[in-house]
Each structure stands twice: as C-alpha cells, then as structure tokens.
Amino acid sequence: MDEKFTKPYDPRATEARIYTEWEKSGHFAPKKDGEPFAMMMPPPNATGVLHIGHALGLTLEDILIRYKRMRGYAALWLPGTDHAAIATQAKVEKEINKKEGKHRHDLGREELLKRIGVFVKESRAIIEKQIRVLGASCDWSREAFTLDAARRSAVNTLFKRMSEAGLIYRGSRIINWDPRGQTTISDDEIVHEERPGKLYTLRYAKDFPIAIATTRPETKVGDVAVAVHPEDARYREFVGKEYDAVFCDVPIHIKIVADAAVDPAFGTGAVGVTPAHSYTDWEIADRHQLSHEVVVINELAKMAVSGRLKEKKTNEAREIVVEWLKAEGLLEKEEETLQNIATAERTGGVIEPLPKLQWFVDVNKEVPGRGKSLKQLMLEPVRSGQIRIIPEHFEKTYFHWLENLRDWCISRQIWYGQQVPVWYKGEEAVVGEEPASEGWVQDEDTLDTWFSSGAWTFSTLGWPEATEDLKKFHPTDVLETGYDILFFWVARMILMSEFALAEIPFRTVYLHGIIRDAEGRKISKSLGNNIDPVETVGKFGADALRMALVVGNTPGMDSRIDEEKIRGYSRFANKLWNIARFILEQSAQVGIRIRESAPGRSAESYYPSPTFPPELAGTREWKGLEVLTKDVTKDLDEFRMYVAAEKIYHYVWHELADKILEESKPILNAADQAARQSRAALLRALLGRALKLLHPFMPFITEEIYQSLPAKDAEFLMIANWPVI
C-alpha cells in the first residue's frame, strides 16, 4: 500500500499535480475512433475572474464529458473566452477614469484598444488557470477566443453572406439607447427595475377634447397622435380629427387614431403617441402613417427642443412640464405609481428608445433557398423536438420570446469588438473584406458580441472551411448554460447555425439555475455573500466544491450553497480516502500471508487476481452495486447529474462504509484464509467500481486512489472503461 495513505487526504498537494498529468497525457483531446460527442464551453467574459455560477456550469459540463469519455466516445469539450465588448470596454474605461481622470476620447481609439488588449490578455490567463483549478477536462489544444483571427474571419464571412441574402440591412429604426454607455443595446441586455413614479392625467390644451395619462409628461412635446381603442365608445366621435396646440413652448400637431394596442382600462383609455421614443408608439405610427421624425430627446438624454425645456435632462424637464401644466390648469390628476424602468445591464444607465441609423438582422424575411424566415428556422427545431430543452417548461418561454421578436440591431457604438465589415468610398460600399485600393473608410460601429458568439458552435470547428472537425463534431450534442441567457445566446446560435449550415447547432440544451446563498439571496458583492471558487478550492478542494454545487441542483431551478455544505463534501472526500486505505491495507495483508505460505509465488500474486472472480458476481453486495451502476448510468444518460451524484454519495458513505466494511471486518480478521481472500477481492472490486461511478463528479481524489490500485484497466481513471451492465 502506498505511503500516502498513512496521511489524511490533502487536495492542495494532489489536485494541481494530477491535472498537470492529465493535461500532459493528451487525453483531453477526443480520441480518433469512437462515436463523436461534442460540447462547446460557454465562453466566460474576458472581464476578470470566474464566479460561482461559472463553477457550476463547468462542473456540470465536466461531469458529462468525463462520463462520455469513459463510455468510449470521441469526446470533445472545446474551451474559450468571449471578448464581451460592452462589459470589457466599460470596465477598462472605468479604471482609466479612476486612475488618470481620462475618458476614451482623450486617449483615442488606437490607445484605448491597446490597453483593452493588455487587460483581456491578463484576464484570459486568469480565467484559464481557474478553469484548470476546477478540474475541467477540456481540449486546450482547440481553445478559441471570440475575437481571435479565426473567429474574426468567420464572423466577417457570416456578415457578408447574410448581407448578400438580404437579411442584414442598414436602416433608421427605433433602438434601445444607453446614454451612459453611449451605445445601442439589444432587448435582452436590458434589466427592468421597479421604481416609484407618478402617473399624470393631463390635456395638451384647454380646448383639447381628450385627457391622456402618462408617466413621462416631458415626452409629450414629441407627440403626433392620441390613440384610443376602436371599441371605446367614449372617444369614437373624435377618431380621425386633428388638433394643433403649443405644449410647454413646443408646437405640436395631434391626430386622434383608433388602435387595438391601446388598453381602455389604463388611465383614461387614451394615450399620447410619441413614435420616436417608444417601440409601441413607433408601431402605432407605422399602422396609421404618422410621422416618426419628431425627435425630442437626444443621445445624452437631454431635451432637443426649443423653449424652456432646451438642453434640460429628462428628469428636470419632467418637473418643468408638470409645473407648466399646473400653471395652465391642464393637470387633472397626479397619482403615485410603480414604474418598470428599463436599464442597461452593463452600465446601469436608463434606456431611452431613440430612432437611429443602425445595422439590423431581418428575422421575418424569407431566407433564400429555405422558404422560411430566420424566426421560423429558430422556432421549428424546438417545436419538432430536434432540439430538446431541459427543463421542458423553458420551451414555452422560448416560443413566447420568439413570437414577439423584432429585427435584431447588431451594431454598437463602442470601440472594442469586431468592427462592422463594411467599407465606404463616397457612395460606394464594400462588404466582407477591405478593398485593396486606397481611400476606403471602414464603418466605425462594432458588431454586437452576440453576433460573434452566435457562431460559436461552428466557427470554433473551422467554418467557413469544410474541416474534418466540422464534419465530425457538428451539430454538437449538448449546450449546458444558465437559463438567464436562453435568449441572449441559445436562440442566436440556432439562428446562426440554421443560416450558415442549414442545421441545428446542438441537440440538447441543458439549463442550470442561479446559485444563491443559504438564505436564498442572489450572490453579490454588495451583500458580502460572494463565494470565490478558487478560494473555496484552496480551502476544501475542487472535488468538495463540485459535489456541493451539483447535489440538489435541479435543472432550471435556483439552488443554495454555503461553506457548511462544501465542508460536508470535504468530509466525504476524507471518508472515501479512509475507505480506500482500509481496503488496500486489507488486500496487502492477505497478500503478505499468501506469500509467507507460498514463497515460490511471483510478486503479482501477492494480491488477489486482477480479474474479478466470477463467484463474487452472485453476492448480495455486488448485485446491489450492479443496480446502482444501472441507475447512475441511466441518470447520466438522461442528464440527471444531481440525482446520480446523490446516489453514489449515499452508496459510498452509507452502504459501502457503514454496512459492507463493518460486515467485512470479522471475516477479514478470521482464520479462514479463503474467506479472507474472497472478501478482500470483493472489497477491492467494489472500490474500483465505486471510483469509476464517482469519477465524473470527484475526479481528483478518485484518480489519486485509482493510481494506487494494484490492478487497473487504463493508464488513467479518466479513460478507464465505464461499467456497462
């Protein structure tokens, strides 16, 4: 028996060494033969360090890839990082401003990008180290970055082909404008916050026949209409009539229109239509051929009108308008209410819907040669079952989101990221690649990061080239990610893959929930309840953290974790170590006595035979483990990692340790040599099988024990054969 078993298990002295041995072995790469199984690692943002949510995702993915590798698959888990343009630039700009008091325009584009490049390089190195610390057995030889040369080329090709298909266009439409970040953002990058506000009931003028209700009276200087419901008898006589007024120094022209989008029960049942500053109003204006051109709020969230409101911030302008309404006798009611305020996820800025000239992906136009729109191509594979979403109830959420999907704004007004691959010279424009001749100027906007990461499943496999990797591993098998980016990323990957390859990007989407603390609160720095994965591994070991994360973690549901739970699985690791020590010690003792009674035997015969004695297959103990093996295998095949982990945990602690070992001690201490040999062989076989079942969940300690087994069926446990019944 190895001397290491004379000491308690020390993950700090074990895990880094084992990971280095694994990585050097080359077994993280898929083997050449065997049925392919592929997963793409959701690329962490290159903005700093991994959090506990990343640790959960990496653990679940590593469980799947280790299981499939042991099942004999050519298992590929491809790692990478995301440049996360808005978040990364915002973080670097914030640091520069804090340390130097400078803004990006003080530095210029080239200098800012240089500094961001240094930051991203350092961040990626930290992230890669942390991924290794967690035991992730991904193929580092294929590592990718959403902004590396290969991905840039793929994205430019994708943009060009979508443009040629008429699915990308440049147009003036209403978008989400972040005044703080000075860029557009997508609907999915908005965080809605409930804040106290006021609902004002007012008239544009004393002779205006209808009172309207609004929470933003400052925008009424941009109204072009009042909309009422077609069946609202209160206002039927006014529909079609037009009125002129001067509202807080600003001349306005108002038409009364009937539109089914109006809720007759809200406020007065009549709403002012401000097309330039509301998605809903923009669409009402489209339906009634009203002007979209009255813009009254600028990119700095200030009023762009003449008179007393000129250059005022929107909140200040609101107070001025309310005072004017009161003075003019036009404010009929003022009520306290709660407002659902749209804010930018990355900067916290309050979103202003503004009409701007931007690049869009048309999701409703028919894709040439497919007979369907991108929206339909995103819906069909989930509806047909080609793509399975776990848990299933998220399919309804997915459908609802897609049914309300607008054209996707893909341009951003930031400097970091992949520039829109369009070059201009006068009235000419070239898409895809920079012309060789001089005088061409590239579009200054960058592409939405999700446009780049949307191609992740195939750009990482060498597309647009017809590579062997692409042929072998696409579509991929599983995408494991958080439910909170179902629309950000999952839907866009389906869109991109359907367009570029006319096939799905993955067969199964496994959505995990959010990690919360012991009290059910979301993990955050402000609450001081943050759990740093690397610090935790340093304290308790990666195996303990992995088990604490996966046990009880039902797909799509939030789960709780605290240090005590992690400590509990650290104790479990020690328990497993002690079990292994006892079994190997007993095997050695039996072997020594055999040697003494038969001095002519070879060294290999000091231990029971490497092959499992057939007579032990009929024992109660082995039959019970066979049942567990079937259960765990089925659970992993059906993505019930949390159930499988709990079952093997209970077997090792409560069945193997508490029952079987205790029952074995009298046998091992008796004089019957044959019975002792048989029991030692059984215990070692049970240990070997348990290590295999537990390996995907606790890879480090199981590998360390496996290396000390006198009989092994592979160089490493991670490539040993999974027991198939």
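The shown structure was predicted, so the numbers you read here are calculated from the model rather than taken from an experiment.

Caption draft 1: The arrangement of the pattern of salt bridges in detail. On inspection of all chains with the given rule, the structure shows 55 salt bridges. We note a salt bridge from R17 to E704, for which the minimum N-O separation is 2.9 Å. In this pair, R17 is assigned in helix α1 (residues 15-25) and E704 in helix α21 (residues 699-706), connecting sequence segments 687 residues apart. Judged by relative accessible area, which is 35%, R17 ranks as partly exposed. For R620, the salt bridge identified is with E621, shortest N-O distance 3.2 Å. A relative accessible area of 9% means that E621 is categorised as buried. A single network of salt bridges, built from pairs that share partners, joins D2, K4, R17, E21 and E704.

Caption draft 2: Spatial organisation of the packing of aromatic side chains. Tallied over the entire structure, the rule returns 25 aromatic pairs. On the numbers, 5.1 Å between centres and 65 degrees between planes, the contact of F247 with W324 is edge-to-face. One end of the pair, F247, is in strand β10 (residues 242-247); the other, W324, is in helix α8 (residues 314-328), with 77 residues separating them in the sequence. Stacked on the ring of F399, the Lys or Arg R383 has its end atom at 5.2 Å from the ring centre. The ring of W653 has K575 sitting right over it, with the charged end atom 5.4 Å from the ring centre.

Caption draft 3: Representation of the sheet that holds strand β20 (residues 441-442). The sheet built from three strands is open, its strands ordered β19-β18-β20 with antiparallel pairing. Every interior strand has two partners, whereas the edge strands, β19 (428-431) and β20, have only one. As paired strands, strand β18 (residues 422-425) and β20 are joined by two bridges and run antiparallel to one another. Paired with W423 across the bridge in β20 is Q442.

Caption draft 4: Geometry of the packing of helix α19 (residues 641-669) against helix α20 (residues 673-694). Where α19 contacts α20, the two axes come as close as 11 Å, and the packing angle between them is 170 degrees. Judged on the interaxial angle alone, α20 and α19 are roughly antiparallel. For the pair α19 and α20, contact is made by I648, Y651, V652, L656, I660, L661, S664, I667 and L668 and by A675, R676, R679, A680, L683, L686, A690, L693 and L694, respectively. Across the contact of α19 with α20, the residue classes break down as 15 nonpolar, one polar and two charged.

Caption draft 5: Spotlight on helix α9 (residues 374-384). Of all the positions in α9, only L374, K375, L377, M378, L379, P381 and V382 are classed as buried. Lining the buried residues of α9 we find α6 (149-164), β14 (352-361), β15 (388-390), α10 (394-403) and α14 (486-501). Directly after α9, the chain includes G385, whose backbone phi takes a positive value near 90 degrees.

Caption draft 6: Seen up close, empty space enclosed by the protein. A full pass over the atoms with the stated rule returns two cavities of 30 Å³ or more. Of the pockets and cavities examined, the largest cavity occupies roughly 40 Å³. Lining the largest cavity we find V363, M378, W401, L405, W408, R492 and L495. For the lining of the largest cavity, a count of residues per class yields six nonpolar, no polar and one charged. Within this model, the second largest cavity holds a volume of roughly 30 Å³. As for the second largest cavity, its lining consists of I86, D178, I185, E189, A344, E345 and R346. Counted by class, the lining of the second largest cavity contains three nonpolar, no polar and four charged residues.

Caption draft 7: Representation of unusual backbone geometry. The peptide bond linking W463 to P464 adopts the cis configuration, its omega dihedral lying at 15 degrees. Inspection of the secondary structure assignment puts P464 in the loop between α12 (456-459) and α13 (468-473). Across the junction of H474 and P475, the peptide omega takes the value 0 degrees, indicating a cis bond. Positive phi, close to 50 degrees, is recorded for C248, a residue that is not glycine. Relative to the assigned elements, C248 resides in the loop between β10 and β11 (250-258). Given the relative accessible area of 0%, C248 is considered buried. Phi at F639 is positive, roughly 65 degrees, even though this residue is not glycine. Its location among the elements puts F639 in the loop between α18 (620-637) and α19.

Caption draft 8: Geometry of the side chain of S459. Summarising the element assignment, S459 is placed in helix α12. Judged by relative accessible area, S459 falls into the buried class, the value being 2%. Once residues lying within four places of it in the same chain are set aside, the contact partners of S459 are R151 and A154.

Caption draft 9: Structural detail: helix α3 (residues 85-100). For α3, which comprises 16 residues, the first-to-last C-alpha distance of 22 Å matches the rise-based estimate of 22 Å (1.5 Å per residue) to within 8%. When α3 is considered as a whole, its buried residues turn out to be A85, I86, A87, T88, Q89, V92 and I96. Against α4 (104-107), α5 (109-133), β6 (183-185), β17 (411-412) and α11 (449-453) lie the buried residues of α3. A positive phi of about 70 degrees marks G101, the residue just after α3.

Caption draft 10: Geometry of the layout of surface pockets. The computed volume of the second largest pocket comes to approximately 1,900 Å³. Considering the residues around the second largest pocket, the lining is formed by 50 residues, among which T215, R216, H277, N340 and P353 are closest to the centre. Of all the secondary-structure elements, those providing two or more residues to the lining of the second largest pocket are β7 (190-202), β8 (212-214), β12 (270-273), α7 (279-287), α8, β13 (331-344) and β14. Per-element accounting of the lining of the second largest pocket gives the leading share, seven residues, to β7. Tallied by class, residues from the lining of the second largest pocket come to 19 nonpolar, 18 polar and 13 charged.

Caption draft 11: Structural detail: the sheet that holds β10. Here four strands make up an open sheet; going across it, the order is β10-β11-β9-β12 and the pairing mixed. Across the chains shown, the open sheet's two edge strands, defined by having one partner strand only, are β10 and β12. The mean angle between the axes of side-by-side strands here comes to 30 degrees, regardless of whether they run parallel or antiparallel. Relative to β11, strand β9 (residues 225-228) runs parallel, the two sharing four bridges. Across the sheet, residue A225 finds its bridge partner in β11, namely K255.

Cut-off values and rules
Residues numbered from 1 in each chain as written. Predicted model: local features only at pLDDT ≥ 70, side-chain atom pairs only at ≥ 80, totals over all residues. Heavy atoms only, no water. Salt bridge = Lys/Arg side-chain N within 4 Å of Asp/Glu carboxyl O. Helix = DSSP H or I, 4+ residues; strand = E, 2+ residues; numbered from the N terminus. Buried < 20%, exposed > 50% of the residue type's maximum accessible area, 1.4 Å probe, protein only. Phe/Tyr/Trp six-rings, centres within 6.5 Å; stacked < 30°, edge-to-face > 60°. Lys NZ or Arg CZ within 6 Å of the ring centre and 35° of its normal. Pairing = 2+ DSSP bridges. Axes fitted to C-alpha atoms, helices over the stretch in contact; angles between N-to-C directions. Parallel < 35°, antiparallel > 145°, perpendicular 65-115°, else oblique. Contact = heavy atoms within 4.5 Å. Nonpolar A, V, L, I, M, F, W, Y, C, P; charged D, E, K, R; others polar. 1 Å grid on protein atoms, 1.4 Å probe; cavity = no way out; pocket = protein on both sides within 12 Å on 5 of 7 lines; lining within 4 Å. Points joined across faces, edges and corners; volume = space filled by probe spheres on them. Expected span 1.5 Å × (residues − 1).

Keep in mind these numbers describe shape, not what the thing actually does.
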